[in-house]
Amino acid sequence: QKTWRDPATGYVRKQVFSRPDHPLELVEVELPPGQKVSFPAWSYAHIRQIVWVRRGRLILSEGNERHELRSGDCLGFGPPSAVTFANESETPCSYVVALARS
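Scope of this entry: the structure provided in the associated data block. Within every chain, residues take consecutive numbers counted from 1 along the sequence as written. With pLDDT at 70 or above as the cut-off, local features in this predicted model cover only qualifying residues; side-chain atom pairs require 80 or more to be listed or tallied, and sums for whole chains, interfaces and linings still use all residues. Hydrogens are left out, water is left out, and the side-chain values use all remaining heavy atoms of the structure.

A separate point is the overall build of the chain. Along the backbone of the chain there are zero helices and ten strands. Counting from the N terminus, the helices are the DSSP runs of H or I reaching at least four residues and the strands are the DSSP runs of E reaching at least two. Seen in sequence order, the chain has helices and strands lined up from the N terminus as β-β-β-β-β-β-β-β-β-β. The globule rule puts the C-alpha radius of gyration for 102 residues at 13 Å, and the 13 Å found for the chain is close to it. When the 102 residues of the chain are sorted by exposure, 36% land in the buried category. Partitioning the contacts of the chain with sequence separation of at least 6, the portion at a separation of at least 24 is 59%. His is not counted, nor are the chain ends, whereas Lys and Arg count as positive and Asp and Glu as negative. A single reference atom marks each charge: NZ on Lys, CZ on Arg, CG on Asp, CD on Glu. Here the chain carries 13 positive and 11 negative side-chain charges, and the mean point of each set is 4 Å from the other. Our radius of gyration looks at C-alpha atoms and nothing else; its globule reference is 2.2 Å times the residue count to the power 0.38. A 1.4 Å probe rolled over the protein chains alone gives each residue an accessible area, and that area as a share of the maximum for its type sets the label: buried under 20%, exposed over 50%, partly exposed in between. When checking whether two residues touch, look at their non-hydrogen atoms; a contact exists if any pair is within 4.5 Å.

Listed below in structure tokens is the structure:
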């Protein structure tokens, strides 16, 4: 399982499942306290995503909507829009992203 750490934020992304011949991908993420990562709308143009918070709290801003997620919460993304994942708490947040390519 490939792991990547963002040197600027400490965000850790572990590739749990990905195959070029399969439309499903699973990614486990650990977002340190006080950090955020943003992705432009175009990066969601040909995928559908679900995020499942495993531990901690996650603020997910999708376009003009703000979602406050806690351990056990799950959220499916709407139409492509800019997305920010933020950990505004004092403890790390761990979540899983499942995405399907179209």
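Additional details are given in the paragraphs that follow.
On to the environment of Gly-63, then. Tracing the backbone through its elements, the reader meets Gly-63 in the loop between β6 (57-62) and β7 (65-70). The class of Gly-63 is partly exposed, set by a relative accessible area of 43%. Leaving out residues up to four positions away in the same chain, Gly-63 has contacts with Ser-81 and Ala-82.

Here we take up the sheet that holds strand β2 (residues 12-17). Read from one edge of the open sheet, six strands run β1-β2-β3-β10-β5-β8, paired in antiparallel fashion. Looking at the sheet topology across the chains shown, the edges are occupied by β1 (3-5) and β8 (74-76). The mean angle between the axes of side-by-side strands here comes to 20 degrees, regardless of whether they run parallel or antiparallel. Paired strands are those between which DSSP finds at least two bridges. Note that β2 and strand β3 (residues 24-31) share five bridges and pair antiparallel. Each residue of the ladder has a partner; that of Gln-15, found in β3, is Val-27. For helices, the fitted line uses only the C-alpha atoms of the stretch in contact; every axis is such a line through C-alpha atoms, and the angle between N-to-C directions lies from 0 to 180 degrees.

Looking at where Asn-87 falls in the secondary structure, it is placed in the loop between β9 (83-86) and β10 (93-101). Looking at Asn-87, the relative accessible area reads 1%, which means it is buried. Polar side-chain contacts of Asn-87 include one of 2.7 Å to the side chain of Ser-89. The contact partners of Asn-87, leaving out residues within four places of it in the chain, are Leu-31, Pro-32, Pro-33, Gly-34, Gln-35, Arg-57, Pro-92 and Cys-93. Two N or O atoms form a polar contact when they lie within 3.5 Å of each other; inside protein one atom must be a possible hydrogen donor and the other a possible acceptor, and for residues adjacent in sequence the pair counts only when both atoms belong to side chains.

Further remarks concern the nonpolar core. Here, nonpolar core refers to any group of buried Ala, Val, Leu, Ile, Met, Phe, Trp, Tyr and Cys residues whose side-chain atoms link them within 4.5 Å. Ranked by size, the top nonpolar core spans 20 residues in total, and within it Leu-31, Val-51, Leu-58, Leu-60, Phe-77, Phe-85 and Tyr-95 carry the most contacts. Looking at this core, the elements that each hand over two or more residues are β3, β5 (47-55), β6, β9 and β10. Looking at this core, the element that brings in the most residues is β10, giving four residues.

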